[in-house]
Structure formats: C-alpha cells, structure tokens
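So the chains spell out like this:
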Amino acid sequence: MLKRTKKLAVASSLVLLSAILLSACSSTTKTATSTAGSTTTVKSDKIYIPVISKGFQHQFWQAVKQGAEKAAKEFNVEITFEGPETETQVDKQIEMLQAALGKKPQAIAFAALDSKAATPLLEKAKASKIPVIGFDSGVDSDIPVTTAATDNKAAAALAADKMAALIGGEGEIALVVHDQTSRTGIDRRDGFTNQIKAKYPNIKIVDTQYGGGDQLKSTDLAKAIVQAHPNIKGFFGANEGSAIGVLNAVTELKKDKIVVIGYDSGKQQMDAIRSGKMAGAITQDPIGIGYWSVKAAVQAIKGETVAKNIDTGFHWYDKTNIDAADIKPLLYE
C-alpha cells in the first residue's frame, strides 16, 4: 500500500512538472532578428513592433536603433531592430519584412531600400490592418500612416548653398549618392541638383554616381570622376559611406583643394571636418528618427491621430560649430 502511494505521488509530481514546463514555453512566442545575425525573444504580453532599417553597418543606424529602444522603454512595448549588412541587399531586406509580417505584429516600422520591391508585402500589411510607419527613407507610397524623417530635399538644398559659397559660385562639381531607389537617395540627389540648377548658373554638375553607401565603391567612383574632370572643384557625398568614399579618393589623389561636403556623421567625417579635410556636412537627428518611428507606431495602434509627415530636423555643421550645444548631441561616432 505504501509503495502504491509513493508511485501515485511520483506520477502526480511528473504531471505537475509537465504542466509548469508547458506553461513556461507558451509565455514566449516570437523570435526575431535584432541585428544582422543574432536573435531576440519577444514576449507575447506586450505590443510587438518590428523596426526594419535600410542597413546595420553605419553608425547612423546604431543611433536610430538607440532612439527606437528609448521609445520602446518609454511606451512599454517590445521591438526588434534589424537591417541587411549593406544597403544594396534589397532581397535580404524584403525577406526580413516578410518574416516580420509572419509574426503578426501590431504595427511595423520600415525604411525601404526599394519601395517598389516592398509594395506587395506592404499591401498585405495594410489588408491585415497592420499600421506601417515609414522612417528615414520611408516608403514611396500612400500605405504608411506616417513617415518620421528628415526633409532631405531641403537639407540637400542647404548643402548645395554651402557648396556654392565655398567654391565661389562657379566651377565643376559632382555627386556620389548611395542609391537611386530609396526616398533618401532620390531626395538628396534632387534637392542638391535642383538647388544648383535654380540658383547657380555658373556651377556645372558634371557627374552623379551611385555607390550603394559602400566606402570602397564610392572611392573608386570618385577617383574616376576626378580623372575624367581634372578641374573639378567640389563633391557632395549624400550619406556617410558616400562621403567617406569621396574623402578617401581626394586624399589618395592628393587633391586637397577639392571641397568635400558630406551628410550624416560618424567618426571619420567628424575627424575630417575638425582637421579641415572635409568642409562640413548635414546632420540629421537619427535618435529622433528612431524614437518617432516607434512612438508613431504606438499612437497608430491606439487609434490616435498621427501627422502624415514627422519632420525630425537637420543642421549644417563644420569645424566652427561641431562642438556647439545644439549640434553635438546630434552627432555620433
């Protein structure tokens, strides 16, 4: 009788242990990539918002991630932040978007490398009543509820004005842009180009090339432009990788008199501006972009009114104001 009682007690304990394990397993439901290669577990008892950026390699995206995480903590939601290793990997970004939608998030924040390629999946999100929040490049579509971004056309126009002043209002210049498929690539190219054409008839844009935001490729492109146009007086690099590529090219070719204007921040650009090798750059507010992408997603989930466009601001900085109180917090290494 005693043996039978012990057997029953053991059996009961096993049943109870199994139930506890099953309960523990069911409390964690989503796993998503938080960086290019690692995974993060997402708890099911919080709002889940995947944030998919255009890349992960530049410090700009790390600053955007910092802002997104700040908002996630403030609003008590779970996020994952991911992006392809380079900003040329459209297919990989689409795979990330598809995987994120498969987890049935309450909203999604997305910065498209190629809006046309992403449209079918974003239409699917819309049909599933998943609010889409564009950020940085956003999405060239009416699908996003809002887009948290810099006014890139206005920012690039300011860069054009600075270039004109620095080269004396005349001469040959060129652009190295990260791409011609994202909203940021298009708007920065057009904002700069249109401003030069409209205001500075004695300045000629001799070439515009696309380096995918890759420093090495952008270096080669800039070198080829200099060799084809030996009298060139200035370059505009439309993102961090483009600008560093141009800087490397003029340095290697010993063309220190060529005016280089960049975009974004990063240690190499900041060092070059402090030393005078780069004339200056446009800085965005990447932390603000990340923060507003998540905050706007929370607002959309709650049914609150969200402005169609959230302008996160921009500033010109050079060696005279790089350490100023209103600029320094916007820069990142």
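See the structure shown above.
From a predicted model like this one, the values you see are computed outputs, not experimental measurements.

Asker: Even after reading the chapter, I still don't get the packing of aromatic side chains, so can you show me in this structure?
Answerer: When we look at a pair of aromatic rings, we describe it by the centre distance and by the angle of the planes. In the structure shown here, the tally under the stated rule is 7 aromatic pairs. Of note, Lys 70 hangs over the ring of Tyr 291, and the distance from its end group to the ring centre comes to 5.7 Å. Of note, Arg 188 hangs over the ring of Tyr 263, and the distance from its end group to the ring centre comes to 3.9 Å.

Asker: I tried to follow the side chain of Thr 184 on my own but got confused; where do I start?
Answerer: Tracing the sequence through the fold places Thr 184 in helix α6 (residues 183–199). Classification of Thr 184 as buried rests on a relative accessible area of 0%. There is a polar contact of 3.0 Å between the side chain of Thr 184 and the side chain of His 178. A distance of 3.1 Å separates polar atoms of two side chains, one belonging to Thr 184 and the other to Ser 182.

Asker: Just checking my understanding: could you explain unusual backbone geometry for this structure?
Answerer: With phi around 55°, Asn 76 is a residue other than glycine that occupies positive phi space. Given the relative accessible area of 48%, Asn 76 is considered partly exposed. Non-glycine residue Lys 129 carries a positive phi angle of around 60°. Within the secondary structure, Lys 129 is located in the loop between α4 (115–127) and β6 (132–135). For Lys 129, a relative accessible area of 74% corresponds to the exposed category.

Asker: Where do I start with the packing of helix α8 (residues 240–252) against helix α9 (residues 267–275) in this structure?
Answerer: Helix packing for two helices is described by the angle between their axes and how far apart those axes are. Packing of α8 against α9 leaves a shortest axis separation of 9 Å and a crossing angle of 50°. On the basis of their axis angle, the class for α8 and α9 is oblique. Here the hand of the crossing between α8 and α9 comes out left-handed. Contact residues: α8 offers Glu 240, Ala 243, Ile 244 and Leu 247, while α9 offers Gln 268, Gln 269 and Ala 272. Of the residues contributing to the contact of α8 with α9, the split by class is 4 nonpolar, 2 polar and 1 charged.

Asker: Quick question: what am I supposed to make of the packing of helix α7 (residues 215–228) against α8 here?
Answerer: Contact geometry for α7 and α8: axes closest at 7 Å, N-to-C directions at 50°. Relative to α8, the element α7 is oriented oblique. Considering the relative orientation of α7 and α8, their crossing is right-handed. For the pair α7 and α8, contact is made by Gln 215, Ser 218, Thr 219, Ala 222 and Lys 223 and by Gly 241, Ser 242, Ile 244, Gly 245, Val 246, Asn 248, Ala 249 and Glu 252, respectively.

Asker: Help me understand the sheet that holds strand β11 (residues 259–263) in this model?
Answerer: Within a sheet, each strand pairs with its neighbour through backbone hydrogen bonds, oriented either parallel or antiparallel. The strand order across the open sheet built from 6 strands is β9-β8-β10-β11-β12-β14, with neighbouring strands paired in mixed fashion. Here the strands that pair on one side only, and so sit at the sheet edges, are β9 (203–210) and β14 (315–317). Adjacent strand axes in the sheet meet at a mean angle of 20° when their direction is disregarded. Together, β8 (171–177), β10 (232–237) and β11 form the strand contacts of α8, whose direction differs from that of β11 by roughly 160°.

Rules of the game
- Residues numbered from 1 in each chain as written.
- Predicted model: local features only at pLDDT ≥ 70, side-chain atom pairs only at ≥ 80, totals over all residues.
- Heavy atoms only, no water.
- Phe/Tyr/Trp six-rings, centres within 6.5 Å; stacked < 30°, edge-to-face > 60°.
- Lys NZ or Arg CZ within 6 Å of the ring centre and 35° of its normal.
- Helix = DSSP H or I, 4+ residues; strand = E, 2+ residues; numbered from the N terminus.
- Buried < 20%, exposed > 50% of the residue type's maximum accessible area, 1.4 Å probe, protein only.
- Polar contact = N/O pair within 3.5 Å; in protein donor to acceptor, adjacent residues only side chain to side chain.
- Axes fitted to C-alpha atoms, helices over the stretch in contact; angles between N-to-C directions.
- Parallel < 35°, antiparallel > 145°, perpendicular 65-115°, else oblique.
- Left-handed = near helix turned anticlockwise from the far one by under 90°.
- Contact = heavy atoms within 4.5 Å.
- Nonpolar A, V, L, I, M, F, W, Y, C, P; charged D, E, K, R; others polar.
- Pairing = 2+ DSSP bridges.

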